[in-house]
Every structure is written in structure tokens, then in C-alpha cells.
Amino acid sequence: MDLAFTPEEQAFREEIRSWVRANLPEDIARKVRNDLHLTREDMQRWAKILGKKGWLGYGWPKEFGGPGWSAVQKHLFEEECALAGTPRIVPFGPVMVAPVIMAYGTPEQHRRFLPGIASGEVWWSQGYSEPGSGSDLASVKTRAERVGDKYIVNGQKTWTTLGQYGEWIFCLVRTSNEGKPQTGISFLLIDMKSPGVTVRPIKLLDGSHEVNEVFFDNVQVPADQLIGEENKGWTYAKHLLSHERTNIADVNRAKRELERLKRIAKTEGVWEDQRFRDQIALLEIDVIALEMLVLRVLSAMKSGKNPLDIAGLLKIKGSEIQQRYSELMMLAAGPYALPYIQEAMEAGYQGDFPGNVLGNAPLAATYFNMRKTTIYGGSNEVQRNIVAQTVLG
Ligand SMILES: Cc1cc2nc3c(=O)[nH]c(=O)nc-3n(C[C@H](O)[C@H](O)[C@H](O)COP(=O)(O)OP(=O)(O)OC[C@H]3O[C@@H](n4cnc5c(N)ncnc54)[C@H](O)[C@@H]3O)c2cc1C
């Protein structure tokens, strides 16, 4: 197994690096580097810049308008973006639903939905989870009843990330109660402007509005917005989840944040504390191990193997690392991590933090926010069960 990059791959990295450097707006990069709140406009501005270049769908094959990059090239792109401080690509459109539309949608659905995702014009949301149906996703109850050339949808989704901006939502809906729960689920694309769709915010511990409840009350959905076959949605849903979990590992962001942690520790003096440095060293070892795991996956993919069954493992390790660096940053900052100023999370905040030695870092807010990582995308406990069954046997 060869984990080193070839000269061509290194050249590719350089090309990405200089393009990102030339095109990433500095005001957005500053927010990302300091973990400040990104507005919809910030996220979409960057998405459209990438879209114009043809890189928002950076994982897409050429036949669907993507760059047709190899697994290694995709990794290098992600790494350069993370190190430069680009916003994370909001994954619901380009990373999650697009591969499902490509694999299982009709040519008409390709033409209708993919261009708006590739350009960053259309904001998608994910409608999988429901109250009582998170880990046990196959128990979804939102009902879609076929009446003529429409489905009538009734029910509720929850934890819908950034659903307040959503224009379209891809949903798992129940179309049959026959047989096993998995066999009665369909995959439906719903226009969120349809009459009967209501989005309600859920306020999080850090004060932010990141997730929502979405209600469907007799929503009429044209039947040509069904993906693939009725009652086969579970297969398509699983295809999507493996993309979501690999994406959550985010080892490149961890590398950037590790360097930030070291800067904070040095500024605050705890770098001199051997015990604290031990904690950073342990974290660094885990980040390197995760990177090696990612590179092993890439190496396997290069030789034509499909390692998606370890997506859950990447998710577990990646999410735990994200929590640890946010904890250590908060510990390193001590009292400066504590003042939590709501306005500082808002767009255009120009003020300062008391004793601003940390570059306006809302570390306590980030720490609270990172509690989510071991829950979303499938909780880590459940991922451990899946890894135990599929990898360990
Ligand atoms: C910030 C955030 C954003 C999210 N965004 C979205 C989104 O955009 N779209 C979407 O559809 N969903 C989203 N989710 C939902 C997410 O996928 C679910 O929260 C997750 O799958 C867990 O489901 P649950 O919340 O219903 O918890 P439950 O399934 O009720 O689990 C509760 C606890 O029990 C444990 N548990 C459950 N079953 C088992 C088992 N068999 N073995 C061991 N332990 C078990 C879990 O690990 C957990 O600790 C988001 C969640 C969060 C927190």
C-alpha cells in the first residue's frame, strides 16, 4: 500500500491551493478561522464561487458536469479548502442528494435538479429524522399517499439542519405498511414553498438557530418527484448515508483546528504545562491516525475496492476528535472561553471580546455546538454497532 502522493497529485494540490487563495473572500475566511457565525449569504457566496468554477460538485463524475476527480484528488481538494479556511460545503445538495439523483433518478430528474445543485443556486435540506425515528430510521411515519399523479404528504421531520434556508427537501416517506418497515419507504423530493410546509426553529444550547422542525400538512407533491421506485427508498437512503458519514469525519478541518489549539495554548501560557501538552500530543496522534485511515481508504479506492463499509468508523473517530479539540481549546483559553456574547455570532459583528487575545474566538459556543457531532449523521453508539456487525463480523 502506497500512501505517498505522486508528483502529478502534488501538482494538482498546488493548482487547488493557488486557486483557493485567489478566490476565497477574506471576510469569509476570517470568520471560518475564528469560528464566527456564517450567514446564509456567506455560505452561498462561496458555494456560487465554487459552482462557477465547476467545483461545488467536486465529487461528481464528468458526465453530470463534475470535474471527474479521483478519490485522491477529492481528498486534496478538501484538504486545501479546509487549510485555507473555506466554509464547509453545505452537503445536502452536492454531497448527499445529488449522488442519489444521479444513481437512481430519471434523465428528466437529472436535467431538472442537478444544474441548480451544481451552481449553488438551490438550497437543499435533509428530511430523514422524525421524533421517535432517528437511530431507528426505518420506523419513519411521515405518510405519502398516492392520489392520481400526486402524493399527499402528512407528518413531521425534525433536526433539519439549516432548514430555515431550505428551498427543496429530500424526504424519506412511508408509502406502505406491508412487510418489514424498510420495504415501505420511498424517497421524495419536496419543494419547501409548497402550501402546507411549515418550518419551526429549534434553539440550541449555544443560542444558535441551526436546526428545525418541518411539518407537512396535506402537502401535494407531483409524483414525478419520486426518486426511483416506490417502496425502494431505503436502498437509496443507505447510499446517501455512507456519503454523509465519510464527509463528517473531516480530518482536514481537524488538522487546521489542531494548529489553532496550539496557538491558543501558547498565547494563554498552558503550552508550558507538560500535562496539557500531553493532551495535545494525544490528540495529534489521533488526528494523524485518522488521516492514515483516510489515506488507506483512498489507496483502497485507487485499486478499485469499495471501502464504504468503514464510513461509520471514520465518523466515530472524526467526531470524537472534533469534540476533543473544542474541549482543549476551551480549557486552554480558561476564563476567556467563557464570555458568551450572542451578538458576536451574528453577521457583521464588529465588536471585540473582553481581553481579546484569541482573535474573537467564541470558544465556549463552539464547545457547546460540537456536542452534536457524536449524535448527528447516526449516533456513535449506533455506528459502533454497525461497525461491529459489518467490519468485525
Ligand atoms: C445538530 C444536529 C443536526 C441534525 N441534522 C439533521 C438533518 O439535517 N436531517 C435529518 O434528517 N436528521 C438530522 N439530525 C438527526 C440525527 O440524525 C439524529 O439525531 C440521530 O440519528 C439520532 O437519533 P435521535 O436523535 O432520534 O436519537 P435516538 O435514536 O432516540 O437515540 C437516543 C440515544 O440512544 C442511543 N441508542 C439508540 N439506539 C441504540 C442502539 N440500538 N444501541 C445503542 N444505543 C442506542 C443513541 O446512541 C442515543 O444516545 C441532526 C441531529 C443533530 C443533533
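Numbering of residues starts from 1 in every chain and runs along the sequence as written. With the structure being a predicted model, the display of local features is reserved for residues of pLDDT at least 70 and the display and counting of side-chain atom pairs for 80 or more, all residues being used for whole-chain, interface and lining totals. Side-chain measures were taken over the full set of non-hydrogen atoms in the model, leaving aside hydrogen atoms and water.

Quick look at the site of the ligand now. Residues are counted as near a molecule or strand when any one of their heavy atoms sits within 4 Å of it. As a structural note, the neighbourhood of the ligand is formed by 19 residues, with Ser135, Trp159, Thr161, Ser379 and Glu381 the closest of them. One nitrogen or oxygen atom from the side chain of Thr161 is found 2.6 Å from a nitrogen atom belonging to the ligand. Protein contacts shield 65% of the accessible area of the ligand, which totals 970 Å² for the unbound molecule. Think of it this way: any DSSP run of H or I at least four residues long counts as a helix, any run of E at least two long counts as a strand, and we number them from the N terminus. Broken down by element, the residue count for the shell around the ligand peaks at three residues, all from helix α12 (residues 380-392). Three categories are distinguished: nonpolar for Ala, Val, Leu, Ile, Met, Phe, Trp, Tyr, Cys and Pro, charged for Asp, Glu, Lys and Arg, and polar for the others, with Gly belonging to the last. Its residues assigned to classes, the shell around the ligand comprises seven nonpolar, 10 polar and two charged. All domain edges in this entry derive from an automatic or database-based domain assignment. Two domains each donate at least three residues to the shell around the ligand, and these are domain 2 (124-231) and domain 3 (248-392). We call two N or O atoms a polar contact when they sit within 3.5 Å, provided that within protein one can donate a hydrogen and the other can accept it, with sequence-adjacent residues counted only if both atoms are side-chain atoms. Throughout, the Shrake-Rupley method with a 1.4 Å probe supplies accessible areas, and for residues the shown protein chains are the sole cover considered.

With that settled, consider the UniProt feature "domain: Acyl-CoA dehydrogenase/oxidase N-terminal" (unreviewed entry) in the protein chain. UniProt positions are given in the numbering used here, feature names are shortened, and annotations may be inferred rather than shown by experiment. In the numbering used here, UniProt assigns the "domain: Acyl-CoA dehydrogenase/oxidase N-terminal" (unreviewed entry) feature to residues 6-121. In this annotation, residues 6-121 is assigned 68% helix and 0% strand; the end-to-end C-alpha distance for the span is 35 Å.

Quick look at the domain arrangement of the protein chain now. Along its sequence, the protein chain is organised into domain 1 (7-89), domain 2 (124-231) and domain 3 (248-392). Contacts were defined at the residue level, with two residues in contact if any of their heavy atoms lie within 4.5 Å. Across the boundary between the two partners, domain 1 contributes 20 residues, which contact 26 residues of domain 3. It is Asp35, His75 and Arg88 in domain 1 that bury the most area against domain 3; as a group they hold 31% of the surface buried on that side. Any Lys or Arg side-chain nitrogen found within 4 Å of a carboxyl oxygen on Asp or Glu counts as a salt bridge. Note that Lys255 is salt-bridged to Glu79, the shortest N-O span being 2.2 Å. The interface formed by domain 1 and domain 3 contains four residue pairs in polar contact (both at pLDDT 80 or more). Among the secondary structure elements, those contributing two or more residues to the side of domain 1 that touches domain 3 are α2 (26-33) and α4 (71-84). Per element, the largest residue contribution to the side of domain 1 that touches domain 3 is seven residues, and it comes from α4. Here the side of domain 1 that touches domain 3 is built from residues that sort into six nonpolar, six polar and eight charged. Summed over both partners, the accessible surface that disappears when two parts come together, traced with a 1.4 Å probe, is what is meant by buried area.

So, about the packing of aromatic side chains. What counts as a ring pair is set by centres within 6.5 Å for rings of Phe, Tyr and Trp (its six-membered ring), and what kind of pair is set by the plane angle: stacked under 30 degrees, edge-to-face over 60, tilted for all other angles. Applying the stated criterion across every chain, the model contains 15 aromatic pairs. Linked through ring pairs, Phe12, Trp19, Trp46, Trp55, Tyr58, Trp69 and Phe77 together constitute an aromatic cluster. Working rule: Lys NZ or Arg CZ, within 6 Å of ring centre, within 35 degrees of ring normal, means a charge sits over the ring. Across the ring face of Trp55, the terminal group of Lys53 is positioned such that the distance to the ring centre comes to 5.0 Å.

Before going further, it helps to examine the confidence of the model for the protein chain. Confidence of the predictor in every single residue is expressed as pLDDT, which spans 0 to 100. Looking at the protein chain, pLDDT values average 90 and 90% of them are 70 or higher. Here residues 354-358 is modelled with pLDDT under 50, and outside its nearest four sequence neighbours on either side it reaches 13 contacts, counting other chains as well.

Bringing helix α10 (residues 311-333) into the picture now. Compared with an ideal rise of 1.5 Å per residue, which puts 23 residues at 33 Å, α10 spans 33 Å between its outermost C-alpha atoms and is within 8% of the ideal. Two residues or fewer after α10 comes Gly334, characterised by a positive phi angle close to 55°. Given the number of residues in a helix, its expected span is that number minus one, multiplied by 1.5 Å.

Moving on, we get to empty space enclosed by the protein. Think of a 1 Å grid over just the protein atoms. A cavity is a set of points where a 1.4 Å probe fits yet cannot get out, a pocket is an open set with protein on both sides within 12 Å along at least five of seven lines, and lining residues have an atom within 4 Å of a point. Grid points are joined across faces, edges and corners, and a volume is the space filled by probe spheres set on the points. By the definition in use, this model includes three cavities of 30 Å³ or more. Space inside the largest cavity adds up to approximately 170 Å³. If you go around the largest cavity, you meet 16 residues; those closest to its centre are Ala47, Leu56, Val90, Pro94 and Trp123. Of all the secondary-structure elements, those providing two or more residues to the lining of the largest cavity are α3 (40-53) and α5 (92-104). If you tally residues by element for the lining of the largest cavity, the top one is α3, at four residues.

Attention shifts here to the pattern of salt bridges. A complete count under the given rule lists 29 salt bridges for this structure. Here Glu26 ties to Arg33 by a salt bridge, and the two come within 2.9 Å at their closest N and O atoms. Its salt-bridge partner being Lys157, residue Glu130 comes within 2.8 Å of it at the nearest N-O pair. Taken together, the residues Glu130 in the loop between β1 (124-127) and β2 (143-147) and Lys157 in strand β3 (residues 150-158) connect sequence positions 27 residues apart. Judged on exposure class, the residue Glu130 and its partner Lys157 are both buried. Where salt bridges share partners, they join Arg13, Glu14, Arg17, Glu79, Glu80, Lys255 and Glu291 into one cluster. Here's how the labels work: a residue is buried when its accessible area is under 20% of the maximum for its type, exposed when over 50%, partly exposed in between, all with a 1.4 Å probe on protein chains only.

An ideal rise of 1.5 Å per residue puts 26 Å on 18 residues; helix α8 (residues 251-268) measures up with 25 Å between its terminal C-alpha atoms. Every buried residue of α8 is accounted for by Val251, Asn252, Arg253, Ala254, Arg256, Glu257, Leu258, Arg260, Leu261, Lys262, Ile264 and Ala265. Where α8 ends, the next residue or the one after it, Gly269, has phi of about 90°, a positive value.

Let us look at the environment of Gln44. Inspection of the secondary structure puts Gln44 in helix α3. What makes Gln44 buried here is its relative accessible area of 10%. Expressed as a C-alpha distance, the spacing of Gln44 and Tyr58, which sit 14 residues apart in the sequence, is 16 Å. Excluding anything up to four places from it in sequence, Gln44 contacts Gly120, Glu121, Val122 and Trp123.

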